[in-house]
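Spelled out from the first residue to the last, the chains are:
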Amino acid sequence: MRLDKYLVHANIGTRKEVKELIRKSRIKVNGVIVKKDDLKVDENIDIILLDDEEVIYQKYVYYMLNKPQGVVSATTDRKDKTVLECFDIPLKDDVFPVGRLDKDTEGLLLISNDGALAHRLLSLKYHVDKKYYVKCEKEVTTEMIASLEDVIKLKDETYQPGKVERIGVDEIYLTIQEGKFHQVKRMLHYVGNEVTYLKRVQFGSLKLDEKLRPGEWRSLTKEEIVELGGQL
Ligand code: URA
């Protein structure tokens, strides 16, 4: 793989930043300063140093994206922009969004290539909380909250009780553990309200970094990876 790609995947910086490091002679490959960012390196054999410290290649990558509206949670799409196209770095070929948010939903989406972690986070038996900020069309009444916190049985689907925190007259945080199709929207519809804006703010232990504007991303910190159950 190209040296600049290797350095980006090792979380050294963005493509622009790593090219700058190479230009400033701060990168050595097998003891020799390199100036070519397209030099081919073998991650299993070559020793790559930044300022004489070894750069360890990461097999697994973990990114937090603040998904914007209008973008689909897929790796490819014939019509719409995908969440992977929000990234301004070359991504590893095997990354995917861990779970889905609707096209018009914003907020926290984990992008990774760690299939085992994705399985744990999405499997019902691990009871992973997903917390949403929900703006509603009208007042969220005490009766509505009680219904959202009870089992909801629809003709084609059953939802386990959610947990509601009221923030304003027409605004709540709703935490659920399932991630069924249009679940939050359908739960609110069932209790006699409608969602006008939906944003995921937490996924398991991972909280949306409020510094990220819609469409922006960052790598998870080591602490976030460990807490979520990923591999360093
Ligand atoms: N529930 C929804 O209705 N939509 C989402 O995108 C996520 C949860």
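**Q** What's the story with the overall build of the protein chain in this structure? I'm lost.
**A** When its secondary structure is counted, the protein chain shows six helices and 15 strands. Overall, the C-alpha framework of the protein chain stretches about 70 × 35 × 30 Å when taken along its three principal axes. Sorting the 232 residues of the protein chain into buried and exposed places 48% on the buried side. For the protein chain, contacts bridging at least 24 residues in sequence account for 62% of all contacts bridging at least 6. When the accessible area of the protein chain is evaluated, it comes to approximately 12,600 Å², of which 49% is carbon and sulfur surface. Computed over 40 positive and 41 negative side-chain charges, the inter-centroid distance for the protein chain is 3 Å.

**Q** In this structure, what is going on with helix α3 (residues 115-122)? I would like to understand it.
**A** Given 3.6 residues per turn, any residue in an α-helix points the same way as the ones three and four places further on. Within the span of α3, buried status applies to L117, A118 and L121. Each buried residue of α3 lies within a common arc of 100° when the element is viewed along its axis, so the set occupies one face. Capping of α3 at its N-terminal end is provided by D114; its side-chain oxygen lies 3.3 Å from the backbone amide nitrogen of A116.

**Q** Which parts of the structure should I look at to understand the site of the ligand?
**A** Residues in contact with the ligand, as listed here, are L101, D102, T105, Y132, H182, Q183, V184, K185 and L198. One of the side-chain nitrogen or oxygen atoms of T105 is found 2.8 Å away from an oxygen atom of the ligand. Here a nitrogen atom of the ligand sits 3.1 Å away from a polar atom, N or O, in the main chain of V184. Against a free-state accessible area of 240 Å², the protein chains account for coverage of 96% of the ligand. Examining the composition of the shell around the ligand, we find that three residues originate from one element, helix α5 (residues 183-190), more than from any other. Of the residues belonging to the shell around the ligand, the class tally is four nonpolar, three polar and two charged.

**Q** In this structure, what is going on with the packing of aromatic side chains? I would like to understand it.
**A** The geometry of an aromatic ring pair is captured by two quantities: the separation of the ring centres and the angle between the planes. A full pass over the atoms with the stated rule returns six aromatic pairs. Judged by centre distance (6.2 Å) and plane angle (70°), the rings of Y133 and Y173 are edge-to-face. Here Y173 lies in strand β12 (residues 171-176) and Y133 lies in strand β8 (residues 130-136), a separation of 40 residues in the sequence. A network of ring pairs unites the aromatic residues Y63, F87 and W217 as a single cluster. Over the ring of Y173 we find K131; its NZ or CZ atom is 4.5 Å from the centre of that ring. Across the ring face of F203, the terminal group of R200 is positioned such that the distance to the ring centre comes to 4.7 Å.

**Q** Hey, could you run me through the environment of R200 in this one?
**A** Residue placement: R200 occurs in strand β13 (residues 195-203). According to the relative accessible area criterion, R200 is buried, its value standing at 3%. Beyond its immediate chain neighbours, meaning those up to four positions away, R200 contacts V98, L101, E106, G107, L108, L109, K130, K131, Y132 and L208. Within polar-contact distance, the side chain of R200 engages the side chain of Y132 at 3.4 Å.

**Q** Help me understand helix α2 (residues 15-23) in this model?
**A** Turning to α2, its buried residues number three or more, namely V18, L21 and I22. Here the buried residues of α2 occupy an arc of 100° about the axis, which is enough to place them on one side. With respect to the buried face of α2, the exposed residues turned more than 90 degrees away are K16 and R23. Where α2 is buried, its residues contact α1 (3-9), β1 (27-29) and β3 (48-50). Following α2 by one or two positions, S25 adopts a phi angle in the positive range, close to 60°.

**Q** Explain the pattern of salt bridges to me, please; I cannot follow it from the model alone.
**A** Side chains bearing opposite charge may pair, as long as their charged atoms lie close to each other. If you walk through the whole model with that rule in mind, you get 24 salt bridges. Where K19 meets D4, a salt bridge forms, and the shortest distance between an N and an O atom there is 3.1 Å. Taken together, the positions of K19 in helix α2 and D4 in helix α1 put the pair 15 residues apart, joining distant regions of the chain. What makes K19 partly exposed here is its relative accessible area of 30%. A salt bridge links D209 to R218, with the nearest nitrogen and oxygen atoms 2.7 Å apart. Overlapping salt bridges, with partners in common, bring together R2, D4, R15, K19 and D37 in one network.

Rules used in this analysis
- Residues numbered from 1 in each chain as written.
- Predicted model: local features only at pLDDT ≥ 70, side-chain atom pairs only at ≥ 80, totals over all residues.
- Heavy atoms only, no water.
- Helix = DSSP H or I, 4+ residues; strand = E, 2+ residues; numbered from the N terminus.
- Buried < 20%, exposed > 50% of the residue type's maximum accessible area, 1.4 Å probe, protein only.
- Contact = heavy atoms within 4.5 Å.
- Areas by Shrake-Rupley, 256 points an atom, 1.4 Å probe, with all protein chains shown as cover.
- Lys, Arg positive; Asp, Glu negative; His and termini not counted.
- Charge placed at Lys NZ, Arg CZ, Asp CG, Glu CD.
- Arc of directions from axis to C-beta.
- Polar contact = N/O pair within 3.5 Å; in protein donor to acceptor, adjacent residues only side chain to side chain.
- Near = heavy atom within 4 Å.
- Nonpolar A, V, L, I, M, F, W, Y, C, P; charged D, E, K, R; others polar.
- Phe/Tyr/Trp six-rings, centres within 6.5 Å; stacked < 30°, edge-to-face > 60°.
- Lys NZ or Arg CZ within 6 Å of the ring centre and 35° of its normal.
- Salt bridge = Lys/Arg side-chain N within 4 Å of Asp/Glu carboxyl O.

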